[in-house]
Amino acid sequence: MSDTSIPGLLTDDVRLTVPLDHFDDSDPRTIEIYARLVSTWHNQDKPWLVFLQGGPGCESPRPTLVDPGFPGWLRRALDDYRLVLLDQRGTGLSSPVSESVGSAADQAEYLTHLRADEIVEDCEDLRRHLGVEQWAALGQSFGGFTMLRYLSVHSQSLLAGYFTGGLSAVGRSTDEIYTTCYHTMRAKSEQYYRRFPGDRDRMRAVLDLAASGELRAPNGDPVGPSRVRSLGHLLGGSGGAEKLHYLLEYEPTSRCFRYDLADLLPFGGRNVLYTVIHESSYADGVTTNWAAARCLPQAFLDDPTLLTGEHVMPEWFDEDSSLQPWKDVAQIIAEHPWPTLYDADALAASQVPCAAAIYHDDAYVPREYSLQTAALLPGMRPWVTSQYEHNGSNASGGGVLDRLIKLVHGDIVR
């Protein structure tokens, strides 16, 4: 039965029990996955589009058509599709992770089953449960990584694929990817300080306070220099530079600063998977071993005002009380040998029509690697743009998705 309590939308809840480990038939463990089906009274004859959320470790958006609508691409998607908003395993209402699985080793082993390869198998279980022969997929950021896995193993299930800032590297090490992202973040940091010249001194003052142990979150947790530098993640999204500038307007000892800082820091306990297994999302057959920390360039060591992006540092598990219970788990995850995610030969054989928004200065998914991956896919129509940052899918109000749909349908020529 549809729940019409969301104005303008028809929604259904789907809950499905699936294996924790799809690749080991002898493992009896199961989890529950949750998805919200979203449609309107006028698109009941449309095909399905499954949305793969960014992250990893973040649930699917909770939709609303209240002006301007959320997510920003929702209205445009509903013109052509009915939607499946999947809470990826371990997030939202899909057997969310907790701190009570057992020992650190048990917890870490459990988390190894929450990656893109298992998420794709969940999608297949859900597709079959709904009686859908084929559907399209929209992958934002990490969701695009997941869709790339989908194309590697189950391309026959996909009508079309839309990538928004999520066309990952294939066959590259985490070290290469993080090093390239650091180069981008150095350029974005310098661009930011050119735009707001006084903010470099303000940032230096905040970093000095953090280094002395005097910078505190509202709950009393210390905020060290590397966590302050992670505010650079804001520079990867439209409007982020302004948020950082307005934060630095406040005195770093003020109540406003401390509360706003806590809200803007990218990694924490609310979506703990985002921190603990983040590096695994780039691990295509490697052990990450704290790649972001190991690959910190000399320029960043020499100049602490250079800001970082999605670079997780091990010391955060000592500083942040919400992460402290996960410290040993994170170390085990860092030492885990991850299997390969992508099959270059299968990607080259795929005939699924795809389109990708590749953001020219993407802070998290390097353009050069995205273009290399695009060249593997015969059905891919890449669109490289500097009009948007990594959050362009939302920030464009559906404009990015509109262009991708038109590229796939052949309505425009790139």
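What you are looking at is a predicted structure, and each value in this text was computed from that prediction instead of being measured. (Residues numbered from 1 in each chain as written. Predicted model: local features only at pLDDT ≥ 70, side-chain atom pairs only at ≥ 80, totals over all residues. Heavy atoms only, no water.)

Student: Talk me through the layout of surface pockets; I want residue IDs and the actual numbers.
Tutor: Roughly 1400 Å³ of internal volume is contained in the largest pocket. Looking at the largest pocket, it is lined by 48 residues, and the ones nearest its centre are Cys 58, His 233, Pro 266, Asn 271 and Tyr 274. At 3 residues, the largest contribution of residues to the lining of the largest pocket is made by helix H9 (residues 255-264). Considering the residues around the second largest pocket, the lining is formed by 23 residues, among which Lys 188, Gln 191, Leu 235, Asp 361 and Glu 389 are closest to the centre. Within the residue set of the lining of the second largest pocket, elements represented by two or more residues are helix H5 (174-195), helix H8 (240-248) and helix H16 (367-376). (1 Å grid on protein atoms, 1.4 Å probe; cavity = no way out; pocket = protein on both sides within 12 Å on 5 of 7 lines; lining within 4 Å. Points joined across faces, edges and corners; volume = space filled by probe spheres on them. Helix = DSSP H or I, 4+ residues; strand = E, 2+ residues; numbered from the N terminus.)

Student: Account for the side chain of Ser 393, with residues named and values stated.
Tutor: Counting through the fold element by element, Ser 393 comes out in helix H17 (residues 392-395). A relative accessible area of 4% places Ser 393 in the buried class. Each residue touching Ser 393, except ones within four places of it in the same chain, is listed here: Gly 72, Trp 73, Gln 140, Thr 164, Tyr 359, Gly 398 and Val 400. (Buried < 20%, exposed > 50% of the residue type's maximum accessible area, 1.4 Å probe, protein only. Contact = heavy atoms within 4.5 Å.)

Student: An account of the side chain of Ser 141 is needed here, citing residue identities and associated values.
Tutor: With respect to the helices and strands, the residue Ser 141 is situated in the loop between strand S5 (135-140) and helix H4 (142-153). Using a relative accessible area of 9% as the deciding quantity, one classes Ser 141 as buried. Those residues in contact with Ser 141 that lie beyond four places of it in its chain are Gly 54, Thr 164, Gly 165, Gly 166 and His 390.

Student: Lay out the pattern of salt bridges with the relevant residues and their values.
Tutor: Under the definition given, this model contains 24 salt bridges. The partner of Asp 175 in a salt bridge is Arg 294, with the nearest N and O atoms 2.9 Å apart. Of this pair, Asp 175 sits in helix H5 while Arg 294 sits in helix H11 (residues 291-294), and the two are 119 residues apart along the sequence. A relative accessible area of 42% means that Arg 294 is categorised as partly exposed. Three or more residues are tied together by salt bridges with common partners; here these are Arg 76, Asp 80, Asp 402 and Lys 406. (Salt bridge = Lys/Arg side-chain N within 4 Å of Asp/Glu carboxyl O.)

Student: Could you give an account of empty space enclosed by the protein, with specific residues and numbers?
Tutor: For the coordinates displayed, the defined rule picks out 4 cavities of 30 Å³ or more. The space that makes up the largest cavity amounts to roughly 70 Å³. Lining the largest cavity, in full, are Thr 275, Val 276, Ile 277, His 278, Glu 279, Ser 280, Thr 288, Trp 290, Val 312, Ala 330, Ile 333 and Ala 334. Those elements that place two or more of their residues in the lining of the largest cavity are helix H10 (272-276) and helix H14 (327-334). Examining the composition of the lining of the largest cavity, we find that 3 residues originate from one element, H14, more than from any other. Of the residues in the lining of the largest cavity, the class split is 7 nonpolar, 4 polar and 1 charged. (Nonpolar A, V, L, I, M, F, W, Y, C, P; charged D, E, K, R; others polar.)

Student: Run through the sheet that holds S5, naming residues and quoting values.
Tutor: Across the sheet, 8 strands lie side by side as S1-S2-S4-S3-S5-S6-S7-S8; this open sheet has mixed pairing. In the strand order of this sheet, the two ends are held by strand S1 (10-19) and strand S8 (380-385), each with one partner. The mean inter-strand angle of the sheet, taken between neighbouring strand axes irrespective of direction, is 20 degrees. Both strand S3 (residues 48-52) and strand S4 (residues 82-87) contribute to a ladder of 4 bridges, which runs parallel. The residue of S4 that forms the bridge with Trp 48 is Arg 82. In this fold H4 packs onto S3, S5, strand S6 (158-164) and strand S7 (354-359), with an angle of close to 140 degrees to the strand it touches most, S5. (Pairing = 2+ DSSP bridges. Axes fitted to C-alpha atoms, helices over the stretch in contact; angles between N-to-C directions.)

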